[in-house]
Amino acid sequence: MSTESSAADASPIHAPGQHNVRKAVIPAAGLGTRFLPATKAMPKEMLPVVDKPAIQYVVEEAVRAGLENVLMITGRNKRPLEDHFDRVPLLEQTLEQKGDTERLAAVREASELADIHYLRQGDAKGLGHAVLRGKLYVGDEPFAVLLGDDLIDERDELLSRMIEVQAKTGGSVVALIEVDPSEVSSYGCADISAIDGEDYVRINELVEKPAPADAPSNLAVIGRYVLHQSVFGVLEKTGPGRGGEIQLTDALQTLANSEGEGSGVYGVVFRGNRYDTGDKLSYLKAVVKLASEREDLGPDLRAWLKEFTDSGA
């Protein structure tokens, strides 16, 4: 199907949802095999990006978008996630006695960010299964899903815009980025139609990790979703797909082709700054870029980087 946008109907075929998005689900049960041996004993979500673990950036993004109720879907060996967002009275007392107010504030910040709950996925049956585990927590309202591998620059209000689009359409919303055609096999890929007068698009088809020759476009789905609660009923009926796992992409495809409440899938094309911390090179870029923009580290780091690159080392 062509991705060139012949205009589609501008109006949704169903009434917008009646609930505001208040809750976020963060799947964090993956093994982090691409970062072994570093992740042998430490969750990949705890890999530091400058001086905070990657997962904290994700929670902070949810909070900036007004989502202070967070459910993390975890697995074995993920206890450090809970410890990080918990209070550490002895450490806080020690810092307070030393008068180290800056580090004390940083330590307390993580435990005061949001109301965070934890639920184990159990069997590792894929992203769709992880999202389905959040059904009882979410209840009968739309919700956001944030994948920990994707870090979005805090100056880019992607999630807030997706929440607005969900409220307007009453369907589900995915985040899209343009990738090089040679890279589409690493992503879910979208066939889209433009909507007259809107900055978001309608999703016609989603294909999970297609071969470049089979990809409907170079628009890839990244790890931000705002989903109508009807996705749970679809996931309950969705069998294993690619890789023998329950794919969220398959459930979204069903919603894209359905009618009635919660039907329709839409996309927000993101052109801001995003880092894939599940990829080693992109992870290193994230560390360098975020550090270079900080007032305390940036000037010295940028000077050193220039010296390093000029030396040809």
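Data block above holds the structure.
Note that the structure is a prediction, hence the values are computed from the model and not measured.

A.B. asks: Help me understand empty space enclosed by the protein, please; the structure alone is not making it clear to me.
C.D. replies: Picture a little ball the size of a water molecule; that probe, rolled over the atoms, points out where space is still empty. Within the structure shown, the criterion is met by one cavity of 30 Å³ or more. The calculated volume of the largest cavity comes to roughly 50 Å³. The wall of the largest cavity is formed by F35, K44, E45, L47, A54, G148, D149, T277 and G278. Here the residues of the lining of the largest cavity sort into three nonpolar, three polar and three charged.

A.B. asks: Explanation requested: helix α10 (residues 280–292) in the structure shown.
C.D. replies: A turn of α-helix holds 3.6 residues, and therefore any two residues three or four places apart point the same way. The end-to-end C-alpha distance of α10 is 18 Å, a good match for the 18 Å that 13 residues give at a rise of 1.5 Å each. Lining the buried residues of α10 we find β2 (48–49), α1 (54–64), β13 (274–276) and α11 (298–311). One side-chain oxygen at the N-terminal end of α10 lies 3.3 Å from the backbone nitrogen of L281; it belongs to D279.

A.B. asks: What exactly am I supposed to notice about the packing of aromatic side chains here?
C.D. replies: A ring pair, where both rings are aromatic, is described by two values, the distance of the centres and the angle of the planes. Counting across every chain of the model gives four aromatic pairs. Relative to F232, the ring of F143 has its centre 5.0 Å away and its plane inclined at 5 degrees; by these criteria the two rings are stacked. You can see F143 sitting in strand β6 (residues 143–146) and its partner F232 sitting in helix α8 (residues 231–236), a full 89 residues away along the chain. Note on accessibility: F143 and F232 belong to one class, buried. Ring centres of W304 and F308 lie 5.1 Å apart, and the angle between their planes is 15 degrees; this geometry places the pair in the stacked category. Highlighted residues: W304 and F308, both in helix α11, separated by four residues, approximately one helical turn. Residue W304 is classed as partly exposed on the basis of its relative accessible area, which comes to 46%. The residue whose ring lies beneath K23 is Y137, and the NZ or CZ to ring-centre distance is 5.0 Å.

A.B. asks: Sorry, what's going on with unusual backbone geometry here?
C.D. replies: If a residue is not glycine, its phi is most likely negative; likewise, a peptide bond is most likely trans. Geometrically, the link from L36 to P37 is a cis peptide bond, its omega value of 5 degrees lying close to zero. Within the secondary structure layout, P37 lies in the loop between β1 (23–27) and β2. Phi angles above zero are rare outside glycine, and V50 is one such case at about 65 degrees. Among the secondary structure elements, V50 is positioned in the loop between β2 and β3 (52–53). For N77, which is not glycine, the phi dihedral falls at a positive 65 degrees. Within the secondary structure, N77 is located in the loop between β4 (69–74) and α2 (79–84).

A.B. asks: Sorry if this is basic, but what is going on with the packing of α10 against α11 here?
C.D. replies: Two quantities define a packed helix pair, namely the angle between the axes and the distance from one axis to the other. It is the contact of α10 with α11, at a shortest axis distance of 8 Å, that shows an interaxial angle of 125 degrees. Classified by the angle their axes make, α10 and α11 are oblique. On α11, the residues that touch V288, A291 and S292 of α10 are G298, L301, R302 and L305. Looking at the contact of α10 with α11 residue by residue, the classes come out as four nonpolar, two polar and one charged.

Parameters and conventions
- Residues numbered from 1 in each chain as written.
- Predicted model: local features only at pLDDT ≥ 70, side-chain atom pairs only at ≥ 80, totals over all residues.
- Heavy atoms only, no water.
- 1 Å grid on protein atoms, 1.4 Å probe; cavity = no way out; pocket = protein on both sides within 12 Å on 5 of 7 lines; lining within 4 Å.
- Points joined across faces, edges and corners; volume = space filled by probe spheres on them.
- Nonpolar A, V, L, I, M, F, W, Y, C, P; charged D, E, K, R; others polar.
- Helix = DSSP H or I, 4+ residues; strand = E, 2+ residues; numbered from the N terminus.
- Expected span 1.5 Å × (residues − 1).
- Contact = heavy atoms within 4.5 Å.
- Polar contact = N/O pair within 3.5 Å; in protein donor to acceptor, adjacent residues only side chain to side chain.
- Phe/Tyr/Trp six-rings, centres within 6.5 Å; stacked < 30°, edge-to-face > 60°.
- Buried < 20%, exposed > 50% of the residue type's maximum accessible area, 1.4 Å probe, protein only.
- Lys NZ or Arg CZ within 6 Å of the ring centre and 35° of its normal.
- Axes fitted to C-alpha atoms, helices over the stretch in contact; angles between N-to-C directions.
- Parallel < 35°, antiparallel > 145°, perpendicular 65-115°, else oblique.

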